[in-house]
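So the chains spell out like this:
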Amino acid sequence: MNHDTIRTLGALKQSGYQPRSVKQELRDNLIHKLRSKEDVFPGIFGYEETVIPELQRAILAGHHINLLGLRGQAKTRIARLLVGLLDEYVPVVEGSELNDDPLQPLSVFAKNLIAEKGDDTPISWLHRADRYTEKLATPDVSVADLIGDADPIKAATLKLPYSDERVIHFGLIPRAHRGIFVINELPDLQARIQVSLFNILQEGDIQIRGFKVRLPLDIQFVFTANPEDYTNRGSIVTPLKDRIDAQIITHYPKTLEIGKRITKQEARIREEQRGLVTTNEVVHDLVEQIAIEARSSEYVDAKSGVSARLTISAYEQVIAGAERRALINGETKTYVRVGDFISAVPAVTGKVELVYEGEQEGAGIVAEKLMGKAIRTQFLQYFPDPEKAKKQKDKPNPYKPVQDWFGSRTIDLLHDASDEEYQKVMGVVPGLRELVQQSVPAELTQENTAFWMEFALHGMAEMSLISRNRLAAGAQFKDLLSSMFTMPNFGGDDDDDDEDYQSSKKRKRK
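Below is a summary of the structure that appears in this document.

Scoring rules and cut-offs
- Residues numbered from 1 in each chain as written.
- Predicted model: local features only at pLDDT ≥ 70, side-chain atom pairs only at ≥ 80, totals over all residues.
- Heavy atoms only, no water.
- Helix = DSSP H or I, 4+ residues; strand = E, 2+ residues; numbered from the N terminus.
- Rg over C-alpha atoms; globule rule 2.2 N^0.38 Å.
- Areas by Shrake-Rupley, 256 points an atom, 1.4 Å probe, with all protein chains shown as cover.
- Lys, Arg positive; Asp, Glu negative; His and termini not counted.
- Charge placed at Lys NZ, Arg CZ, Asp CG, Glu CD.
- Pairing = 2+ DSSP bridges.
- Axes fitted to C-alpha atoms, helices over the stretch in contact; angles between N-to-C directions.
- Contact = heavy atoms within 4.5 Å.
- Phe/Tyr/Trp six-rings, centres within 6.5 Å; stacked < 30°, edge-to-face > 60°.
- Lys NZ or Arg CZ within 6 Å of the ring centre and 35° of its normal.
- Expected span 1.5 Å × (residues − 1).
- Polar contact = N/O pair within 3.5 Å; in protein donor to acceptor, adjacent residues only side chain to side chain.
- Buried < 20%, exposed > 50% of the residue type's maximum accessible area, 1.4 Å probe, protein only.
- Salt bridge = Lys/Arg side-chain N within 4 Å of Asp/Glu carboxyl O.

### Things to note about the overall build of the protein chain
- Along the protein chain, the regular secondary structure elements total 25 helices and 14 strands.
- In terms of overall dimensions, the protein chain is more spread out than a globule: its C-alpha atoms have a radius of gyration of 31 Å, far above the 24 Å expected for 510 residues.
- Taken along its principal axes, the extent of the C-alpha atoms in the protein chain is 100 × 45 × 40 Å.
- Of the accessible surface of the protein chain, which amounts to about 24800 Å², a share of 49% is contributed by carbon and sulfur atoms.
- Of the side-chain charges in the protein chain, 66 are positive and 76 negative, and the distance between the mean point of each set is 2 Å.

### Focus on the sheet that holds strand S1 (residues 65-68)
- Across the sheet, five strands lie side by side as S4-S7-S8-S1-S9; this open sheet has parallel pairing. Looking at the sheet topology across the chains shown, the edges are occupied by strand S4 (132-136) and strand S9 (246-249). Neighbour to neighbour, the strand axes of the sheet diverge by 20° on average, direction disregarded.
- Pairing of strand S7 (residues 179-184) with strand S8 (residues 219-225) involves five bridges; the strand directions are parallel. The residue bridging Val182 from the neighbouring strand is Val222, located in S8.

### Some thoughts on the sheet that holds strand S12 (residues 411-414)
- With antiparallel pairing, the three strands of this open sheet are ordered in space as S12-S14-S13. In the strand order of this sheet, the two ends are held by S12 and strand S13 (467-471), each with one partner. Adjacent strand axes in the sheet meet at a mean angle of 25°, parallel and antiparallel pairs treated alike.
- Sheet topology places S12 next to strand S14 (residues 474-478); four bridges connect them, and they run antiparallel. Residue Ile411 lies in a different strand from S14, and its bridge partner there is Phe477.

### A word on the environment of Gly459
- Inspection of the secondary structure puts Gly459 in helix H24 (residues 449-462).
- Sequence-wise, Gly459 and Thr157 are 302 residues apart; in three dimensions their C-alpha atoms are separated by 74 Å.
- Not counting residues up to four positions away in its chain, the partners in contact with Gly459 are Ile375 and Phe379.

### Topic: the packing of aromatic side chains
- For the structure on display, the rule yields 14 aromatic pairs.
- Grouped by ring-pair contacts, the aromatic residues Tyr335, Phe379, Tyr382, Phe383, Tyr399, Phe451, Trp452 and Phe455 constitute a single cluster.
- When the ring centre of Phe198 is taken as origin, the NZ or CZ atom of Arg243, which lies over that ring, is 4.6 Å away.

### Here's the deal with helix H15 (residues 308-328)
- Along its 21 residues, H15 runs 31 Å from first to last C-alpha, staying within 8% of the 30 Å computed at 1.5 Å per residue.
- Its side-chain oxygen at 2.9 Å from the backbone nitrogen of Arg309, Ser307 defines the N-terminal cap of H15.
- Positive backbone phi, approximately 65°, marks Gly330, located one or two places after H15.

### A look at the pairing of strand S2 (residues 89-93)
- For S2, the buried fraction is high: four of the five residues fall into the buried class.
- Relative to strand S3 (residues 123-127), S2 runs antiparallel, the two sharing five bridges. Within S3, the position partnered with Pro91 by the bridge is Trp125.

### Let's talk about the side chain of Asp285
- In this structure, Asp285 sits in helix H14 (residues 281-295).
- By relative accessible area, Asp285 is classed as buried at 7%.
- Leaving out residues up to four positions away in the same chain, Asp285 has contacts with Leu256, Lys260, Gln378 and Tyr382.

### Things to note about the pattern of salt bridges
- Across all of its chains, the model carries 22 salt bridges by this definition.
- A salt bridge links Lys260 to Glu257, with the nearest nitrogen and oxygen atoms 3.5 Å apart. Of this pair, Lys260 and Glu257 both sit in helix H12 (residues 256-266), separated by three residues, roughly a single helical turn.
- We classify Glu257 as partly exposed; its relative accessible area is 48%.
- Residues Arg337 and Asp419 are paired through a salt bridge, measuring 2.8 Å at the closest nitrogen-oxygen approach. With Arg337 in the loop between strand S11 (334-335) and helix H16 (338-342) and Asp419 in helix H22 (residues 419-426), this residue pair connects regions lying 82 residues apart in the sequence.
- On the accessibility criterion, Arg337 (3% relative accessible area) is buried.
- Connected through salt bridges with shared partners, the residues Glu257, Lys260, Lys264, Glu281 and Asp285 form a single ionic network.

Below is the structure:
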């Protein structure tokens, strides 16, 4: 339908236009996309076999939807993508504040205009982007905000009595007529305000103050809610839950690879950063592993969840840390380091809700512990298990030359060290390059060898083979025994400390 040429009600009738409800519109366009094998929800990963099929079934059934899940599970993103299932343009009576369909007028304004001008009634076209309304539920939201109220200023301006329907100021929901209306964090809406939604969801109409007005609104409702809210800040009242046809439960990425795809898509890495900093998949794995460790950590409140925003922010800070170092040293390019990953602690501390034990430890310490566990987990993906390597009689222990060298020496790895200084420090430790070459030969290039050597050192520290102490500007590596009575190991657990002690006792006896 050519919306550029159809500008009157008469022309619209001649074009053969037939009104459709917004739910029918969503349904028809979804059917078309499914038949043509189009991606209905682009950019949503990990929901292909769970959330998306349930969402499609709800749309086909013409249901109002509640997306229930912890923070950072793409609930709002999904709601906004529903706009893509609307027609690109729909006709409305020009000047109508309720997006009146010219063939099914709703407001007094539209009805009076059509009665006055007939087929000459002016028509405008509404783009689908303007048919989406979103409201964050907060305790101060009122019925007047959502539904509407009598407007004394309008009454005085138009010189109308309060009994006249034209003095009504319509709220957000009536103005979303023929569109999608989203209420984010529904449990935060006060119970008395939730009650005002009953009629809209069940009968499809609204009532304002004492006016005998019935507006059969045509709206697709989408709600989002966090299960935590049901007990902490509020709840969805039972009759309202009963009126929401489909409750779809979202979830976090079930694999590290899915999480990486989300982080890569959402992280805001600028072109100048991409040109300056070279990164690799191990860094992506480490960043994603933090969230995985946090979701099972005894220090983190599992009911609150760990948002995907944690990994996005952490990765952005890793790249920013490498960029800052290059700028300080006047370098035109640099390779990302494990030290850049460790310096991203501020991106983690504000993204996790701690239980009592975590609060006692402190947010910074918990973040360091999570990063330490991430390094430990990923280290074992590439390097041999130290316990198994120690027990093999037919092969020399690949870690022993490095451990022996640290018996009487230390090295400091500073975050702001230039690439030249960094590579020089890495080359000092005998046996370290050989360990890397034996363990990850396929991953090595000329520019990333130092990164893998640093990764090996951090991994060995996490496996209690050597000691790593936190410095104000970096990390110090030394022999395990010599650090027993000094600073605590970065990211270490109490169990690790016990293992360190037992291991050092055995080495002392030898």
